[in-house]
Amino acid sequence: MDLSMYAPLGITHLPPEAIDPEQLATFSLGRVVAVNRTNYLVHTGAAEITAELTGKMMASAESPLDYPTAGDWVYLQLFDDD
């Protein structure tokens, strides 16, 4: 698993077991760089994109502390601009 594109974002500070290779087969990895009221700015190592939480994550959160914050690593499902 080559994660070198994430090195400038600090991936080298994560323990190897923190990244699930099965998740990477389906999702992209990104780091939250800004939290806005309704979305997040996430850096993927190649670009900064705007991201939103899934309804499932929003419904299962018990408090705002369960949401990602700046500096967190997240799995992303990327869609076309269409």
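The structure this text deals with has already been given above.
The rules behind the values
- Residues numbered from 1 in each chain as written.
- Predicted model: local features only at pLDDT ≥ 70, side-chain atom pairs only at ≥ 80, totals over all residues.
- Heavy atoms only, no water.
- Helix = DSSP H or I, 4+ residues; strand = E, 2+ residues; numbered from the N terminus.
- Rg over C-alpha atoms; globule rule 2.2 N^0.38 Å.
- Buried < 20%, exposed > 50% of the residue type's maximum accessible area, 1.4 Å probe, protein only.
- Contact = heavy atoms within 4.5 Å.
- Areas by Shrake-Rupley, 256 points an atom, 1.4 Å probe, with all protein chains shown as cover.
- Pairing = 2+ DSSP bridges.
- Axes fitted to C-alpha atoms, helices over the stretch in contact; angles between N-to-C directions.

1. A look at the overall build of the chain
A count of helices and strands for the chain gives two helices and four strands. The helix and strand sequence of the chain, counted from the amino end, reads α-β-β-β-α-β. Here the C-alpha atoms of the chain give a radius of gyration of 13 Å, agreeing with the 12 Å that 2.2 N^0.38 yields for 82 residues. Put simply, the chain has 82 residues, and 24% of those count as buried. In the chain, the share of contacts with a sequence separation of at least 24, taken over all contacts with a separation of at least 6, comes to 52%. Accessible surface, the chain as shown: approximately 6100 Å² in total, 51% of it carbon and sulfur.

2. Describing the pairing of strand β3 (residues 48-51)
The pairing of strand β2 (residues 40-43) with β3 spans four bridges and is antiparallel. Paired with Tyr40 across the strands is Ala51, a residue of β3.

3. As for the sheet that holds strand β4 (residues 73-76)
The strand order across the open sheet built from four strands is β3-β2-β1-β4, with neighbouring strands paired in antiparallel fashion. Looking at the sheet topology across the chains shown, the edges are occupied by β3 and β4. When strand polarity is set aside, the average angle formed by the axes of neighbouring strands in this sheet is 45 degrees. Pairing between strand β1 (residues 28-35) and β4: four bridges, direction antiparallel. What sits directly across from Arg31, in β4, is Trp73.

Take it as geometry only, folks, not as evidence of what the structure does.
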